[in-house]
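This is what each chain is made of:
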Amino acid sequence: MAEDYMRRISHYAKAEMGEIRAGRTDPWLKHPSAYRVCLDPGGKRLDSAGFIAMVERAEGEARDLVFVIGGADGLPPGWGDRADLLLSLSPMTYPHELARVMLAEQIYRAFTTLRGHPYPR
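Here goes a summary of the coordinates provided. (Residues numbered from 1 in each chain as written. Predicted model: local features only at pLDDT ≥ 70, side-chain atom pairs only at ≥ 80, totals over all residues. Heavy atoms only, no water.)

Structural notes on the layout of surface pockets
Within this model, the largest pocket holds a volume of roughly 1,400 Å³. As for the largest pocket, its lining consists of 41 residues, and the residues nearest its centre are Glu16, Met17, Gly18, Val66 and Phe67. Elements that contribute at least two residues to the lining of the largest pocket include exactly α1 (2-9), α2 (27-30), α3 (48-60), β2 (65-69) and α4 (96-114). Among the elements that take part in the lining of the largest pocket, α4 stands out by supplying six residues, more than any other. Taken together, the residues of the lining of the largest pocket break down into 24 nonpolar, seven polar and ten charged. (1 Å grid on protein atoms, 1.4 Å probe; cavity = no way out; pocket = protein on both sides within 12 Å on 5 of 7 lines; lining within 4 Å. Points joined across faces, edges and corners; volume = space filled by probe spheres on them. Helix = DSSP H or I, 4+ residues; strand = E, 2+ residues; numbered from the N terminus. Nonpolar A, V, L, I, M, F, W, Y, C, P; charged D, E, K, R; others polar.)

A few points about unusual backbone geometry
Its identity as a non-glycine residue notwithstanding, Ala62 has a phi of 55 degrees, on the positive side. Relative accessible area serves as the criterion here: at 70%, Ala62 is assigned to the exposed category. (Buried < 20%, exposed > 50% of the residue type's maximum accessible area, 1.4 Å probe, protein only.)

Some words on the packing of α1 against α4
Their axes nearest at 9 Å, the elements α1 and α4 cross at an angle of 20 degrees. It follows from the interaxial angle that α1 and α4 lie roughly parallel. In the crossing of α1 with α4, the sense of the turn from one axis to the other is left-handed. Residue-level contacts link Ala2, Tyr5, Met6, Arg8 and Ile9 of α1 to Arg100, Val101, Ala104, Glu105, Ile107, Tyr108 and Phe111 of α4. In terms of residue class, the contact of α1 with α4 is made up of nine nonpolar, no polar and three charged. (Axes fitted to C-alpha atoms, helices over the stretch in contact; angles between N-to-C directions. Parallel < 35°, antiparallel > 145°, perpendicular 65-115°, else oblique. Left-handed = near helix turned anticlockwise from the far one by under 90°. Contact = heavy atoms within 4.5 Å.)

A closer look at the sheet that holds strand β3 (residues 85-88)
Strand order in the open sheet formed by three strands is β2-β1-β3, and the pairing between neighbours is parallel. A single partner strand is all that each edge strand has here, and the edge strands are β2 and β3. The average undirected angle you get between the axes of adjacent strands in this sheet is 45 degrees. Relative to β2, strand β1 (residues 35-45) runs parallel, the two sharing five bridges. Following the sheet pairing, Cys38 is matched in β2 by Val68. Its contacts with the sheet put α3 on β1, β2 and β3, and the angle it makes with β2 is roughly 135 degrees. Those strands touched by α4 are β1 and β2, and its axis lies near 155 degrees from that of β2. (Pairing = 2+ DSSP bridges.)

So, in structure tokens, the structure goes:
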């Protein structure tokens, strides 16, 4: 499902999804000016309208958005400290595979809403 949403998102913006390993990759180096969002259960909770506003703001500032979802043990040490936003999808814990789907759907929802596409209805 996440791959399907990523394909849909690609109609609106360049989008990539992949797994990275702490210590081998620094997600901020590839996009140094990006708005960095780390998913964390203790992070800020946004409704869909707030999430859409965040995407719109990043687009208006011509900034990439980089989202990081932690693995089974959460985020690597220090990564959350470097984020511009700690975002909670829910107070509940989800497997990272499901979190990917939920995040990709919200990104797709944001783009379709901003472009006036009827999907979100």
